[in-house]
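# Structural characterization, general
If you want the building blocks of each chain, they are given just below.
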Amino acid sequence: MNVLHLSAECYPVAKTGGLGDVVGALPKYQVGLGVNAMVIMPYYDRKFVAEHTFKIVHQGSGKLGYRSFDYQILKEDSGVLGFDLYLVKIPDLLDRPEIYSYPDETEQFTAFQLAVLEWLVNSNIKVDVFQCHDHHTGLIAYLIQNSANYKTLAKTPVVFTIHNGQYQGWMSWEKFHYLPGVDPSTGGLLEWNNCINPLAAAIKCCTKYTTVSPSYLDELSINSNGLEFLFELEGKKGIGILNGIDIDVWNPKTDEMLDTNYTPTTVKSGKAKNKAVLCEQFGLAIEKPLVVFIGRLVLEKGADKLTELIKEIMLRNQDEVSFLVLGSGEKQIENDLKELQSYLKNYNCYIGYDEQLSHQIYGGADFILMPSRVEPCGLNQLYALKYGTIPIVRSTGGLKDSVIDFENQGGYGIRFEDVSVLQMVYAVQRAIELYKDTKKVAQLRKLMMGLDFSWTKSANEYVALYKSLILKS
Ligand code: ADP
Ligand code: GLC
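Residues numbered from 1 in each chain as written. Chains lettered and ligands numbered in written order. Predicted model: local features only at pLDDT ≥ 70, side-chain atom pairs only at ≥ 80, totals over all residues. Heavy atoms only, no water.

Quick look at the overall build of the protein chain now. Broken down by element type, the protein chain carries 16 helices and 17 strands. Taken over the C-alpha atoms alone, the protein chain extends approximately 65 × 45 × 40 Å along its principal axes. Counting the 473 residues in the protein chain, one finds 60% classified as buried. Excluding contacts between residues fewer than 6 apart, the proportion of contacts in the protein chain whose partners are at least 24 apart in sequence is 72%. A total accessible area of about 18800 Å² is found for the protein chain, and carbon and sulfur atoms account for 50% of it. Separation of charge centres in the protein chain, based on 46 positive and 55 negative side chains, amounts to 4 Å. (Helix = DSSP H or I, 4+ residues; strand = E, 2+ residues; numbered from the N terminus. Buried < 20%, exposed > 50% of the residue type's maximum accessible area, 1.4 Å probe, protein only. Contact = heavy atoms within 4.5 Å. Areas by Shrake-Rupley, 256 points an atom, 1.4 Å probe, with all protein chains shown as cover. Lys, Arg positive; Asp, Glu negative; His and termini not counted. Charge placed at Lys NZ, Arg CZ, Asp CG, Glu CD.)

It is worth spelling out the site of ligand 2 at this point. Near ligand 2 there are 13 residues, and of these His163, Asn243, Glu375, Cys377 and Gly378 occur at the shortest range. Measuring from an oxygen atom of ligand 2, one finds a side-chain N or O atom of Asn243 at 2.8 Å. With respect to ligand 2, the backbone of Cys377 contributes an N or O atom lying 3.0 Å from an oxygen atom. For ligand 2, the protein covers 94% of the area, taking 310 Å² as the surface of the free molecule. (Near = heavy atom within 4 Å. Polar contact = N/O pair within 3.5 Å; in protein donor to acceptor, adjacent residues only side chain to side chain.)

Another point: the domain arrangement of the protein chain. By the assigned domains, the protein chain splits into domain 1 (2–244 + 456–472) and domain 2 (267–451). On a C-alpha basis, the centroid separation for the pair domain 1 and domain 2 is 33 Å. Each partner contributes residues to the interface: domain 1 has 20 residues there, and domain 2 has 15 residues. Buried surface at the junction of domain 1 and domain 2, summed over both partners, amounts to about 1400 Å²; 53% is from carbon and sulfur atoms. For the interface between domain 1 and domain 2, the tally reads one salt bridge. Contributing elements (two or more residues each) for the side of domain 1 that touches domain 2: helix H1 (18–32) and helix H6 (214–220). In terms of residue count, the dominant contributor to the side of domain 1 that touches domain 2 is H6 (four residues). Split by residue class, the side of domain 1 that touches domain 2 holds seven nonpolar, 10 polar and three charged. (Domains from an automatic or database assignment. Buried area = accessible area lost by both parts, 1.4 Å probe. Salt bridge = Lys/Arg side-chain N within 4 Å of Asp/Glu carboxyl O. Nonpolar A, V, L, I, M, F, W, Y, C, P; charged D, E, K, R; others polar.)

What the nine strands build is an open sheet, ordered E3-E4-E5-E2-E1-E6-E7-E10-E11; its pairing is mixed. Edge positions in the sheet fall to strand E3 (54–64) and strand E11 (238–240), since each has one partner strand and no second. Within the sheet, the average angular offset between the axes of one strand and its neighbour, ignoring direction, is 25 degrees. Across five bridges, the pairing between strand E2 (residues 36–42) and strand E5 (residues 84–89) is parallel. Counterpart to Met41 in the pairing with E5 is Leu87. (Pairing = 2+ DSSP bridges. Axes fitted to C-alpha atoms, helices over the stretch in contact; angles between N-to-C directions.)

Following this line, the structure appears as structure tokens:
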């Protein structure tokens, strides 16, 4: 079975968050199950590309409205990722260093999808299932079913995975002419609230859609940035499959980015050594419980509440806790967090993106805070569990599906209900109390590290889904 994953990110080629982690891992686990899983993504001018050899496997041209473009399909030569990786290179459009944030993002991702389809109809690569990730690949299902140019692909099932329903790739109707060979009467399939909405189009046209946790599937019809009604209508096509973690990358026993490796048996001393390195680097007191936040500094993650929470907790429990933040995002939140550095003791932050530092933090922290408003799955808490770091999470989406409060049967984390500073303060205070009970902490660490959130189970669920679709098509 040939499955082609289409994505804007794939670790370690290019990553800004969990989408990259998932697309860098899931195909590898699928290959392990006997599926020929391949990934195709835009070409970015980044370290991975510079350090690896690629072969041009196809060249062609396409049209984005009135603009013609030439494209190349490059294939990674060594197979180092555990699956075939293809890149789409388009001069002046898909050959830049950043993944997102260019003003012509619509043109970038539309041209990416068109080039993939042009390649497939003009080569002998066979695809049994398209596995599309997020709105950047949301037009594929519509195009294969409605464009005269891609008729030969019309029957191929499309599984569309929603990692983040907040971003939908909205395009104005003036750009409809970017889509070749389509009849304007099919425009209703693209439409949502007076614009072309690639996420909505994907939900309407895909064979099945999946969400990255079962709870998020339920939440979409209540909270999905304007698409609630659509999710209610199309709900029968939805399946929730919880993400896993790639234990080749995220394993404290073998993680080369950690100062000290450790196992469930050596977790106490291993974490203490990693914590000492962190505390030294960031000027934090080693004897206090270390609470950390890692992630995008945006509203979705509840990051706007961090400054207030940290001030409040330092006021109430000044000498009892240390705080460390690693993240980047909205400038206001970044500035507020930086400002705190000038007058708070036992607090520090690193504003920016640093993969190695994130590993060291999972390894050295005692608690990780995730006050997310929306969390389709969340990988941080899964990494934290594997590294024996107790998650403090708001009960939403994948956080709800993967963290049980330690006061409940079989529990190991700390949960709270609302994105309110008071509830967060109370949750951190519970962490401070828990930390004093060293026996309990040791017991929870062992329990968490023994949980199995690896990809094996979820990769199987995807494969079973693909098989059922191929049988029907
Ligand atoms: P999302 O995809 O919504 O950002 P996830 O929890 O699924 O959230 O995944 C976030 C991923 O990005 C994790 O691998 C996390 O460690 C990583 N990450 C987020 N921010 C940073 C950062 N500033 N530096 C390094 N890694 C980061
Ligand atoms: C998204 C979500 C996050 C999820 C990740 C990987 O970025 O915000 O919750 O873990 O995708 O699926």
